[in-house]
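Summary of structural features
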Amino acid sequence: MAATCRRVTEALTTSPEVTVPVDAGLLATLAQGAEQGRTAMLELSDGTTPEVQPHRLLLRRRRWYLLARADDTWAVHRLDGIRSCTLTRTSFAPHPLTPGREAQELERLLPDRRIRVRIRFEADSAAVIDRFRNEEPDVIKDGPRHVILTARVDSLEWAAMLATLVDEAFTVLEPNELKQRCHTLGRRLANA
């Protein structure tokens, strides 16, 4: 068990976010493949079965990913999209990446498509930061007991839900589409 934990730790890049759960056995298998330089046969949820060279496990924006080589190019696979994984007997030579190059590959393969939102709350900053803690919140004071939040979210629906969870009055500053989503959510909640 200690060897498995060490493998996961050595193959892991983390971030301080709450994550979408994945199978611990899958994490261990992919970490072992990265450590031992063994290829992995994946079965993906779309039915494809690529053979990859595991390089690094990543935790980014609440999801686990595998950075791997396939057909001499870098690829990223979401772990919650992998149905099964089997290590093969085929070994490979590592393809080391500098941290800067790894970051460039990740940005190319996993571009940040989150949406920037700005919301003014009649609340203290602690309550706002608590609800938006996983959305890179930036909160500035805007008068007595008012704050302006700037955050990056995966969807406007998610931003609307988080804003209502602050349990204080708020005004959407941008984008305008978020105002529409809040009105739609309000109607749905009123009819519940």
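Residues numbered from 1 in each chain as written. Predicted model: local features only at pLDDT ≥ 70, side-chain atom pairs only at ≥ 80, totals over all residues. Heavy atoms only, no water.

Details of the overall build of the protein chain
On a plain count of helices and strands, the protein chain comes out with six helices and 10 strands. In terms of overall dimensions, the protein chain is more spread out than a globule: its C-alpha atoms have a radius of gyration of 21 Å, far above the 16 Å expected for 192 residues. Reported as C-alpha extents along the three principal axes, the dimensions of the protein chain are approximately 65 × 35 × 30 Å. Counting over 192 residues, the protein chain shows a buried share of 39%. Taking all contacts inside the protein chain whose residues are at least 6 apart in sequence as the whole, residues at least 24 apart take part in 61%. Taken as a whole, the protein chain presents about 11100 Å² of accessible surface, with 50% of it coming from carbon and sulfur. (Helix = DSSP H or I, 4+ residues; strand = E, 2+ residues; numbered from the N terminus. Rg over C-alpha atoms; globule rule 2.2 N^0.38 Å. Buried < 20%, exposed > 50% of the residue type's maximum accessible area, 1.4 Å probe, protein only. Contact = heavy atoms within 4.5 Å. Areas by Shrake-Rupley, 256 points an atom, 1.4 Å probe, with all protein chains shown as cover.)

A word on helix α6 (residues 176-190)
In this model α6 runs 22 Å from its N-terminal to its C-terminal C-alpha over 15 residues, within 8% of the 21 Å that 1.5 Å per residue would give. Among all positions in α6, only Leu178, Cys182 and Leu185 are buried. One side of α6 holds all its buried residues, which, seen down the axis, span an arc of 65 degrees. Facing away from the buried side of α6, by more than 90 degrees, are the exposed residues Asn176, Gln180, His183, Arg187 and Ala190. (Expected span 1.5 Å × (residues − 1). Arc of directions from axis to C-beta.)

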